[in-house]
Amino acid sequence: MTIQPLHETPDNPLIAGLERLPVHPTTLVIFGATGDLARRKLLPAIYNLAHEGALPERFNLIGSSRSDMSDEAFATQAAEAIRQFSRREPDETVLKELLANVRYVSGTFDQDGVYDHIKVGLDAFDEQAGQPLNRAFYLSTAPEFFPIIVGQLGAHGLTHHDGAEVRAVIEKPFGTTLAEARELNHRVLSVFDEKQVFRIDHYLGKETVQNVMAFRFANGLFEPVWNRNYIDRVEITAAEDLGIGTRAGYYDNAGALRDLVQNHMLQLLCHVAMEPPVHFEADEIRDEKVKVLRSVIKPTADTVDDIAVRAQYGPGTVGGDSVPGYLQEEGVPPDSNTETYAAIRLEIDNWRWAGVPFYLRTGKRLARKVTEIAITLKPVPHLAFQQDGSVGVRPNQLILTMQPNEGVSLSLGAKIPGSRMRIRPVNMEFLYGTSFMSQSPEAYERLILDAMRGDATLFTRNDEVEAQWEICDPIVSKWEAMPGPLPQYEAGTQGPAEADRLLEGDAHWRAI
Ligand code: BG6
């Protein structure tokens, strides 16, 4: 299938979508194609790539999942999902062209027939194109199927293709413990080479997360102070106002630490703490991130109580609506000990960061949705102002906001106009929305494109995912062994007061 790009030519050079980088003709197979992630994120992302002309000139899609349906019924379902969840209203012509040749294979992922049918579809697309097309297998199923699918792809000779590349894109969660992650890596790498594997952490596809590196390594201003001599503490927040919605089945087995800290938040920490890579290349960047993760002082059963706090949301009010507590959510056992809030204090034991606390916190049903990194500098060594003028002097704080109101803000002390020397903090701001007048692509657009291009820079490597687990595993096992009930926080608030005990000195959490 060939899709004509609909890309509008921007008059303003600051308005640009995804660059049209060369992508080899590809057939993408989505396992779990009727699932929530495929409907909300993957299919709309594929549509938006088509809309921008960013898909390869020849692109084919095969969906696979348990539900029994025809190719046409799947195409209709996919079109509905795209109309409902795409970030732009779909152009019906592009949508029709995109889904014109879609195939669908139904069955359970352990059935040989599924892979035989997929192979028939893949070969037919190759024949139509008159060349071997690259193949990308996207595993968007429940995690227990990952090893099964990977094993079946191997058993059916689908992991390599003469004259073309084969890639496997694997969703999170990558294991639920360190042992499971190791076992899964072992299974995956027994049939694929590491360079064929793309482990998803969708935060890496976010423009604002990539901007942390641009901000640090493209400006001479910040790097000289980016160390233990000038930085007092780093606070990383990923707060959500939403509850668990209809995901009780997944969430109650996961909890906040596995769901966000083990992956997204540790990636944010790596972006703040890593050394500059020599080149912006997949393995160089990932080498630097792995070094950071290995330098984090590992929690132990003895230290968990000191460095980690967990809690659950109780009933409360969010956005003016009364909402139930976690234990009252549909599908959650009334005696569940799963945390919906986790806060931890980590230390990175290396030359740059020794002694600087990194505070990480995340939670569902907090006051609002905000993802940010707050870097607080040390106070100035001496204040020459009179007592009352000094009151407003605060240490500088640099806030990198991932979402919403994406941007960077630096707090500075400034003189209040008037005859006296009085100081007050003011903000210097950069906002994405006003500097680049375009809507950022969704993380999944970038990631699907990069996986098809074979660029693994924004994907987690095998040793990286295990290093992340090495940090979280001791906390997860300690918490699992501890009796409940968990401390509760009122929905729609700042989270549990208990989290304050992690902070050192007179530090306090930033308001959410
Ligand atoms: C997912 C988690 O990985 O990230 C969800 O499973 C969470 O529970 C989501 O809501 C947050 O992503 P974002 O992009 O909305 O910050």
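Being a predicted model, the structure only gives us computed values, none of them experimental. (Residues numbered from 1 in each chain as written. Predicted model: local features only at pLDDT ≥ 70, side-chain atom pairs only at ≥ 80, totals over all residues. Heavy atoms only, no water.)

(A) Geometry of the overall build of the protein chain. Across its full length, the protein chain carries 14 helices and 16 strands. The globule rule puts the C-alpha radius of gyration for 512 residues at 24 Å, and the 24 Å found for the protein chain is close to it. Dimensions along the principal axes, computed over C-alpha positions, put the protein chain at roughly 80 × 60 × 45 Å. Counting across all 512 residues of the protein chain, residues that qualify as buried make up 54%. Contacts in the protein chain between residues far apart in sequence, at least 24 positions, make up 78% of those at least 6 positions apart. (Helix = DSSP H or I, 4+ residues; strand = E, 2+ residues; numbered from the N terminus. Rg over C-alpha atoms; globule rule 2.2 N^0.38 Å. Buried < 20%, exposed > 50% of the residue type's maximum accessible area, 1.4 Å probe, protein only. Contact = heavy atoms within 4.5 Å.)

(B) View of the confidence of the model for the protein chain. The predicted model of the protein chain has a mean per-residue pLDDT of 93, with 96% of residues at 70 or higher. In the predicted structure, residues 4-16 sits below a pLDDT of 50 and forms 23 contacts with residues beyond four places in sequence or in another chain. (pLDDT = per-residue confidence, 0-100.)

(C) Seen up close, the site of the ligand. Around the ligand, a shell composed of Lys-172, His-202, Tyr-203, Lys-206, Glu-240, Arg-247, Asp-259, Leu-260, His-264, Lys-364, Lys-369 and Gln-403 is seen. One of the side-chain N or O atoms of Lys-206 is found 2.6 Å from an oxygen atom in the ligand. Between the ligand and the protein, one listed contact pairs an oxygen atom with a side-chain N or O atom of Lys-369 at 2.7 Å. Here the ligand loses 80% of its free accessible area of 390 Å² to cover by the protein chains. Of the residues belonging to the shell around the ligand, the class tally is two nonpolar, three polar and seven charged. (Near = heavy atom within 4 Å. Polar contact = N/O pair within 3.5 Å; in protein donor to acceptor, adjacent residues only side chain to side chain. Areas by Shrake-Rupley, 256 points an atom, 1.4 Å probe, with all protein chains shown as cover. Nonpolar A, V, L, I, M, F, W, Y, C, P; charged D, E, K, R; others polar.)

(D) View of the sheet that holds strand E4 (residues 134-139). Strand order across the open sheet formed by six strands is E3-E2-E1-E4-E5-E6, with parallel pairing between neighbours. Looking along the sheet, the strands with just one partner apiece sit at the ends: strand E3 (103-106) and strand E6 (197-199). For this sheet the average axis-to-axis angle between neighbouring strands, irrespective of direction, equals 15°. Pairing of strand E1 (residues 26-31) with strand E2 (residues 59-65) involves six bridges; the strand directions are parallel. Counted as the bridge partner of Phe-31 is Ser-64 from E2. (Pairing = 2+ DSSP bridges. Axes fitted to C-alpha atoms, helices over the stretch in contact; angles between N-to-C directions.)

(E) Region of the structure containing the packing of aromatic side chains. Following the criterion strictly, the structure yields 16 aromatic pairs and no others. Taking the centre distance of 6.2 Å and the plane angle of 70° together, the rings of Tyr-251 and Tyr-326 count as edge-to-face. Here Tyr-251 is found in helix H8 (residues 248-254), whereas its partner Tyr-326 is found in the loop between strand E9 (321-323) and strand E10 (341-347), with 75 residues between them in sequence. Take Tyr-251: its relative accessible area is 1%, and that puts it in the buried class. Judged by its relative accessible area of 0%, Tyr-326 falls in the buried class. When the centroid spacing of 5.8 Å and the interplanar angle of 75° are considered together, the rings of Tyr-313 and Tyr-326 count as edge-to-face. (Phe/Tyr/Trp six-rings, centres within 6.5 Å; stacked < 30°, edge-to-face > 60°.)

(F) Representation of the pattern of salt bridges in the model. Per the counting criterion, the structure on display carries 35 salt bridges. A salt bridge links Arg-352 to Glu-223, with the shortest nitrogen-to-oxygen separation between them at 2.9 Å. Taken together, the residues span a long stretch of sequence, with Arg-352 in the loop between E10 and strand E11 (357-363) and Glu-223 in the loop between helix H7 (207-217) and strand E7 (231-239) at a distance of 129 residues. Just as Arg-352 is buried, Glu-223 falls in that class too. The shortest N-O distance in the salt bridge between Glu-464 and Lys-289 comes to 3.1 Å. Taken together, the residues span a long stretch of sequence, with Glu-464 in helix H14 (residues 462-481) and Lys-289 in helix H10 (residues 282-295) at a distance of 175 residues. Note on Glu-464: relative accessible area 0%, which makes it buried. Residue classification places Lys-289 among the buried residues on the basis of a relative accessible area of 1%. (Salt bridge = Lys/Arg side-chain N within 4 Å of Asp/Glu carboxyl O.)

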